[in-house]
Amino acid sequence: MEFLSTSLLELIVQTSTNLPPDVRAAMSLAANTETPGTQSSQALDIVLSNIDMAQQDEGPICQDTGLPTFVVHTPVGVNQIRIKKAIREAVAEATKLGKLRPNSVDSLTGANTGNNLGEETPVVHLEQWEQDEIEVKLILKGGGCENKNIQYSVPCNLDHLGRADRNLEGVRKCILHAVWQAQGQGCAPGVLGVCIGSDRAHGYDLAKEQLFRTLDDVNPNPTLAKLEAEIMEEANKLGVGAMGFGGKSSLIGCKIRAANRLPASFFVSVAYECWAFRRLGVGLDASTGAITRWLYRDPSRAIERMARGEGFPLTGREVILTPPLTEAQMRALKVGDVVLINGDMFTGRDNVHAYLMKNPPPFDLNGAALYHCGPVMLKQGDEWSVKAAGPTTSIREEPYQGDVIRRYGVRAVIGKGGMGPKTLAALKECGAVYLNGIGGAAQYYARTMEKVLGVKLTEFGIPEAMWHIRVKNFAAIVTMDAHGNSLHADVEHATGEALEGLAAAPRG
Ligand code: SF4
């Protein structure tokens, strides 16, 4: 098995940096469907450019490379212990090379292991089969979309949809609700893997397994094929749009299976996957470990450029922000404005926010732009370089953000998916704004980062440390302003009404 390690490393690198053709095709279609000039269309322009950049530079498409999950089939007689060991070595090597972010955190101590190895990480499912080759499939599903997975125990009552009963109509309501509840927090447009039935734990496994189907396949079960098509049509009428900005592209795939259940239980389990749908697979020669074929893609087909025109065209109407920012500058902004940040910003996510509730900040945050981001960083000599740095889901900081703004004078909070009423109130009171970056656009944003000026709180691990970074032309959209307006609240309200319309529509 002299090629096993290199083959597995190649699988990880390609999965992290080069989206498969079915996802590329679905994202092209989504971008072409969106109304030009809208915020969703602008977001998709950045996403398409980001896909190109990741492939060209072999950099992570999104900085959150998830909990690597491998599904392996081996011929009878192959040593599975050896395969698992080789997977762990390849994961550690890919982390060292900056292709995976160190994402394995000890749940008791909070310590990041630094190499993606730890208790039950990576996840490896091993099966035997009666074929001659080894097949390895890999999915990298990040935390933002993982947090939007949802499980329903029907019958149940759903916001805007009323009661979901133990029948296909009830299942349909649950799946539509899953799209609605995700809004932009799972980096829409998304893909759903769904399991109808089974038990709580296995139902989620089976839902996730559906994500290994190609987006353009047709379910062999006609009832499920019909349901998948209906969900695609209806979900894309909801108006969630890319990043939850409102728009026509909310879903790029829906894959459903059914499994038998206990008489007393009826679960509908939904695995929500973001647009950065990174899954690939390889067939390996069982004696050498060399790659004999790729799953989900045709290596003889040239990789098509995704970006339309010049990617994200600047209009000249963008507002240039150069921190430190003033209250007057922030009060002049309104929802919908596109800003370009030039100058210094600081990263801070979960651990930093919890820290700031009890301790003074390690950097002066007066007038600062605070970026919810857990970047992929590599140290080369004495210098840090940014390998991937898109925004993380902001709502996790909702319990802290208002206090952080009030105490330390932060003027702009940057993240994705929006924040809630507590933060909105603090923005209004203090004269600050929330800026929505484009979720998953990790390469796009890494290219705006000219220099890493410093880092503190490294004891929290690379993604959770507080980084001081100089940026140029960092683009984001004002989605919550200092006048009490929130695009996120508006879209949630409008899509809720659309959901009610779908619930009331007569069924054929
Ligand atoms: S695209 Fe968004 S949801 Fe997906 S992994 Fe990246 S940050 Fe998380």
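Scroll up a little and you will see the structure.
This report concerns the structure included in the present document. (Residues numbered from 1 in each chain as written. Predicted model: local features only at pLDDT ≥ 70, side-chain atom pairs only at ≥ 80, totals over all residues. Heavy atoms only, no water.)

Brief notes about the site of the ligand
Taken together, 13 residues sit near the ligand, with C62, C145, C187, C274 and R278 positioned nearest. Its residues placed into classes, the shell around the ligand shows six nonpolar, four polar and three charged. (Near = heavy atom within 4 Å. Nonpolar A, V, L, I, M, F, W, Y, C, P; charged D, E, K, R; others polar.)

Structural notes on the environment of Y272
Here Y272 shows up in strand β9 (residues 267-273). Looking at Y272, the relative accessible area reads 1%, which means it is buried. Between the C-alpha atom of Y272 and that of R305, which follows or precedes it by 33 residues, the distance is 26 Å. (Helix = DSSP H or I, 4+ residues; strand = E, 2+ residues; numbered from the N terminus. Buried < 20%, exposed > 50% of the residue type's maximum accessible area, 1.4 Å probe, protein only.)

Here's the deal with the pairing of strand β7 (residues 190-197)
Across the eight residues that make up β7, a large majority, eight, are buried. As paired elements, β7 and β9 share six bridges and run antiparallel to each other. Directly across from V191, in β9, lies its bridge partner E273. (Pairing = 2+ DSSP bridges.)

So, the packing of aromatic side chains
Under the definition given, this model contains seven aromatic pairs. Aromatic pair Y444 and Y445: ring centres 5.2 Å apart, planes at 85 degrees, arrangement edge-to-face. Grouped by ring-pair contacts, the aromatic residues Y371, Y444, Y445 and F474 constitute a single cluster. One residue, R279, lies across the ring of F277, its end atom 4.5 Å from the ring centre. (Phe/Tyr/Trp six-rings, centres within 6.5 Å; stacked < 30°, edge-to-face > 60°. Lys NZ or Arg CZ within 6 Å of the ring centre and 35° of its normal.)

Overview of the pairing of strand β15 (residues 376-380)
Judged from the five bridges that link them, β15 and strand β16 (residues 383-388) form a sheet pairing that is antiparallel. For Q380, the partnering residue across the bridge sits in β16 and is E383. Hairpin geometry of β15 and β16 is characterised by an intervening segment of two residues between the two adjacent antiparallel strands and by a positive phi of about 65 degrees at G381.

A few points about unusual backbone geometry
Omega for the peptide link from A188 to P189 comes to 5 degrees, which places this bond in the cis form. The residue P189 is located in the loop between α6 (168-182) and β7 in this model. Omega for the peptide link from P323 to P324 comes to 5 degrees, which places this bond in the cis form. Tracing the sequence through the fold places P324 in the loop between β12 (319-321) and α9 (327-331). For H160, which is not glycine, the phi dihedral falls at a positive 70 degrees. As for its position among the elements, H160 is in the loop between β5 (156-158) and β6 (162-164). H160 gets classed as partly exposed once you look at its relative accessible area, which sits at 31%. Despite not being glycine, C187 shows a phi value in the positive range, around 55 degrees. With respect to the helices and strands, C187 occurs in the loop between α6 and β7.

As for the sheet that holds strand β3 (residues 134-140)
As summarised here, the arrangement of the five strands in space is β2-β1-β3-β10-β11, forming an open sheet in which the pairing is mixed. Looking at strand neighbours, the two that pair on one side only are β2 (123-129) and β11 (291-295), the edges of this open sheet. Taken over all neighbouring pairs, the strand axes of this sheet differ in orientation by 15 degrees on average, direction set aside. Sheet topology places strand β10 (residues 278-284) next to β11; four bridges connect them, and they run antiparallel. The residue of β11 that forms the bridge with G283 is R293. (Axes fitted to C-alpha atoms, helices over the stretch in contact; angles between N-to-C directions.)

Everything listed is a geometric property; what it means functionally is a separate question.
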